[in-house]
Amino acid sequence: QVELAESGGGLVQFGGSLRLSCAFLGRDFSAYLMGWYRQAPGKERELVARITPGRSTDYVDSVKGRFTISRDNAGNTYLQMNSLKSDDTAVYYCNARRILYGQGPDYWGQGTQVTVSS
């Protein structure tokens, strides 16, 4: 069983920065693909960024060059968000998907609100 605990959301001005954190509570963190998703009001949830156990990363086009995903060996995954825009306003969710040494369900955090004011 895996639990994910997000933190770091809040209200920020246009052009500002925020850093989201996701704590992985469970076993075998190094076997999981970690991702950040977001969902804005009236829109579908979308993948923002993801990072493999080997630290390969992937981003949605709209955040390339502004957001950086990273992970450490202690079970934490981060999303550094710079040059924030109004379109980045959403609830951000951490996701964990096992891709090594077996498979399992997707795990989700409770979400953290990011609001960018113009």
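See the structure printed just above.
I will try to describe carefully the structure that is included in this document.

Definitions and limits used
Residues numbered from 1 in each chain as written. Predicted model: local features only at pLDDT ≥ 70, side-chain atom pairs only at ≥ 80, totals over all residues. Heavy atoms only, no water. Core = buried A, V, L, I, M, F, W, Y, C linked by side-chain atoms within 4.5 Å. Buried < 20%, exposed > 50% of the residue type's maximum accessible area, 1.4 Å probe, protein only. Helix = DSSP H or I, 4+ residues; strand = E, 2+ residues; numbered from the N terminus. Contact = heavy atoms within 4.5 Å. Disulfide = S-S within 2.5 Å. Pairing = 2+ DSSP bridges. Axes fitted to C-alpha atoms, helices over the stretch in contact; angles between N-to-C directions. Salt bridge = Lys/Arg side-chain N within 4 Å of Asp/Glu carboxyl O.

1. So, the nonpolar core
Moving on, step 1. Counting 30 residues, the largest nonpolar core has Leu4, Met34, Leu79, Met81 and Tyr92 as the members making the most contacts within it.
Moving on, step 2. Looking at this core, the elements with two or more residues in it are strand S3 (18-25), strand S4 (32-39), strand S5 (46-51), strand S7 (67-71), strand S8 (76-81), strand S9 (90-98) and strand S11 (112-117).
Moving on, step 3. Leaving out residues up to four positions away in the same chain, tyrosine 92 has contacts with Glu6, Leu20, Trp36, Tyr37, Arg38, Val48, Phe67, Leu79, Met81, Gly111, Thr112 and Val114.

2. A word on the state of the cysteines
Moving on, step 1. With the rule as written, the count across this model stands at one disulfide.
Moving on, step 2. Linked covalently through their sulfurs, cysteine 22 and cysteine 94 form a disulfide whose S-S length is 2.1 Å. Taking the torsion about the sulfur-sulfur bond, which here is approximately -80°, the covalent link between cysteine 22 and cysteine 94 counts as left-handed. Here the residue cysteine 22 occupies a position in strand S3, and cysteine 94 occupies one in strand S9, the gap between them amounting to 72 residues.
Moving on, step 3. Judged by relative accessible area, which is 1%, cysteine 22 ranks as buried.
Moving on, step 4. Here cysteine 94 falls in the buried class, since its relative accessible area comes to 0%.

3. Notes on the pairing of S3
Moving on, step 1. Burial along S3 is one-sided: Leu18, Leu20, Cys22 and Phe24 are buried, and none of Arg19, Ser21, Ala23 and Leu25, which face the opposite way, are.
Moving on, step 2. Note that S3 and S8 share six bridges and pair antiparallel. Across the sheet, alanine 23 pairs through a bridge with asparagine 76, a residue of S8.

4. Looking at the sheet that holds S7
Moving on, step 1. Across the sheet, which stays open at both edges, the four strands sit in the order S1-S3-S8-S7 with antiparallel pairing between neighbours. Every interior strand has two partners, whereas the edge strands, strand S1 (3-7) and S7, have only one. Taking the axes of each pair of neighbouring strands and ignoring which way they run, one obtains an average angle of 15° across the sheet.

5. With respect to the pattern of salt bridges
Moving on, step 1. If you walk through the whole model with that rule in mind, you get seven salt bridges.
Moving on, step 2. When the shortest N-O distance is used, the salt bridge between arginine 38 and glutamate 46 registers 2.7 Å.
Moving on, step 3. The class for glutamate 46 is partly exposed, based on a relative accessible area of 31%.
Moving on, step 4. Close ionic contact of arginine 38 with aspartate 88 constitutes a salt bridge, the shortest N to O distance being 2.9 Å. Residue arginine 38 is located in strand S4, and its partner aspartate 88 is located in the loop between S8 and S9; the two are separated by 50 residues in the primary sequence. Across this residue pair, the class does not change: arginine 38 and aspartate 88 are buried.

As far as function goes, none of this settles anything; it's purely spatial.
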